[in-house]
Amino acid sequence: LGFTSMLANGANEAPKLLDETSSLPDLIITDLEMPGMDGFQFIAALKKSDRLRPIPVIVLSTKTDQPSRDMAFQLGAVECFQKALDKEVLRMVANVFIKS
């Protein structure tokens, strides 16, 4: 999509990856259903960190029922989309939240 990205193999690996990088991402995209720590726990952990709290979080998941969306937003997600989102739509949404 024209962005530089980092990939963590699940929410358990992501905090370590974020701690080890000096340059934080402008945006985090996460699923809600992952082994180990689920996406809700991951978002909550991010938002507890002063360093990571400002990073916008977009949820891209098959779990997009209203209670799941409500919980993701309550925890601090900025958007929630059904998986298989068109890449051009994802690019446009990412551009809204990425710092200029």
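Scroll up to find the structure.
Report follows, based on the coordinates. Because the structure is predicted, anything quoted here is derived from the model rather than measured.

Every buried residue of helix α4 (residues 87-97) is accounted for by L90, V93 and A94. Down the axis of α4, the buried set is contained in an arc of 100 degrees. They therefore lie on one face. What points out from α4, more than 90 degrees from its buried face, is the exposed set M92 and V96. With a side-chain oxygen lying 2.9 Å from the backbone nitrogen of E88, the N-terminal cap of α4 falls on D86.

Here we take up helix α2 (residues 39-48). Along α2, the residues classified as buried are G39, F40, F42, I43, L46 and K47. Projected down its long axis, α2 carries its buried residues within an arc of 160 degrees, all on one side. At its buried positions, α2 is contacted by α1 (14-20), β1 (28-30), β2 (57-61) and α3 (66-75). With a side-chain oxygen positioned 3.0 Å from the backbone nitrogen of F40, the residue opening α2 is D38.

Computed from the structure, the largest pocket encloses a volume of approximately 830 Å³. In terms of lining residues, the largest pocket is bounded by 28 residues, among which S5, M6, L27, I28 and I29 are the most central. Counting only elements with at least two residues in the lining of the largest pocket, the list comes to α1, β1 and α4. Partitioned by chemical class, the residues of the lining of the largest pocket number 20 nonpolar, five polar and three charged.

Calculation criteria
Residues numbered from 1 in each chain as written. Predicted model: local features only at pLDDT ≥ 70, side-chain atom pairs only at ≥ 80, totals over all residues. Heavy atoms only, no water. Buried < 20%, exposed > 50% of the residue type's maximum accessible area, 1.4 Å probe, protein only. Helix = DSSP H or I, 4+ residues; strand = E, 2+ residues; numbered from the N terminus. Arc of directions from axis to C-beta. Polar contact = N/O pair within 3.5 Å; in protein donor to acceptor, adjacent residues only side chain to side chain. Contact = heavy atoms within 4.5 Å. 1 Å grid on protein atoms, 1.4 Å probe; cavity = no way out; pocket = protein on both sides within 12 Å on 5 of 7 lines; lining within 4 Å. Points joined across faces, edges and corners; volume = space filled by probe spheres on them. Nonpolar A, V, L, I, M, F, W, Y, C, P; charged D, E, K, R; others polar.

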